[in-house]
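Structural description and commentary
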Amino acid sequence: MVLMVRILFAGLFIGLVFSDPSPVQDYCVAVTDSETYIPCKNSSLVTIEDFMFYGLNATAEFNDAGQAIVSVNVNTFPGLRTQGVSLARADYKAGGVAVPHVHPRAAEVVWVLEGTFLSGFIDSEERVFSKVIQKGDVILIPRGLVHFHKNVGDVQGTILGFYNSENAGRSTFRDTLFGCEVKEEVLEKDLGLSAEDISKVLIRGRKLNLCGKGEAGSSASPN
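Only a predicted model underlies this, so the values are computations on that prediction, with no experimental measurement involved. (Residues numbered from 1 in each chain as written. Predicted model: local features only at pLDDT ≥ 70, side-chain atom pairs only at ≥ 80, totals over all residues. Heavy atoms only, no water.)

With that settled, consider the sheet that holds strand β3 (residues 97-102). Read from one edge to the other, the open sheet built from five strands follows the order β6-β5-β8-β3-β10, with strand pairing classed as antiparallel. Pairing within the sheet leaves two strands with one partner each, and these edge strands are β6 (128-134) and β10 (171-172). Taken together, the two bridges between β3 and β10 define a ladder with antiparallel strand orientation. Considered in β10, the bridge of Val-102 is made with Ser-171. (Pairing = 2+ DSSP bridges. Helix = DSSP H or I, 4+ residues; strand = E, 2+ residues; numbered from the N terminus.)

Encoded structure:
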């Protein structure tokens, strides 16, 4: 109960600073099963279940980097639409990492529930701000800046991330640069790599062919 109160308090706190446009109605529950592009569920059909999310207490499947994410954004929780807030739970095996990435539409408040992490971000002047954080610590990641997390402890660890957007977005260097249809000559010039080197770039053991998407069977992390 105490944990849930803290989570709700943190969510309300970050929700005070809207990144998304401010709502003009009480709520707008997203319609996810319609082909008519109606943005909001009919208010007469809205129930308390539209404002509930279940499963944040469970660990998701770990990826190759030793990270397991449960994303709670408008795509998985329709009641968040227009509320300017979302969150995610991330579990890490010992040595697990969140590879450098950005959230283009939101700042992130990271709260350590269990474990010890090296967390930090890089600003536009290429300065690195990082610190080892432990259970109970909170770190702020400014919006749009490259950041990372690594479990530097000996046991599994867990963090919660809170975002001031209903859908913060996520973009990694490797996915966007090597996964998009960027001309090889551009990458050769910028990175000093040969075309052969670039062709060998792999993500999760598969060569990329579309922006952020691997060959059949590969998928990008939702957060």
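Residues annotated in UniProt with the feature "binding site: oxalate" (unreviewed entry) correspond here to His-103 and Glu-108. Mapping His-103 onto the fold places it in the loop between β3 and β4 (108-114). Mapped onto the elements of the fold, Glu-108 is located in strand β4. Residues within four places of Glu-108 in sequence aside, it is in contact with His-103, Ile-139, Leu-140, Ile-141, His-147, His-149, Gly-161, Phe-162 and Tyr-163. (UniProt positions renumbered as here; feature names shortened; annotations may be inferred. Contact = heavy atoms within 4.5 Å.)

To continue, consider the pairing of strand β9 (residues 157-163). The element β9 is extensively covered by neighbouring structure, given that seven of its seven residues are classed as buried. Burial of β9 is two-sided: the residues Gly-157, Ile-159, Gly-161 and Tyr-163 facing one way and the residues Thr-158, Leu-160 and Phe-162 facing the other way are all buried. Two strands pair when backbone bridges link them, and strand β2 (residues 86-92) and β9 are joined in this way by seven bridges, in the antiparallel orientation. Its bridge partner being in β9, Ala-88 is matched across the sheet by Gly-161. (Buried < 20%, exposed > 50% of the residue type's maximum accessible area, 1.4 Å probe, protein only.)

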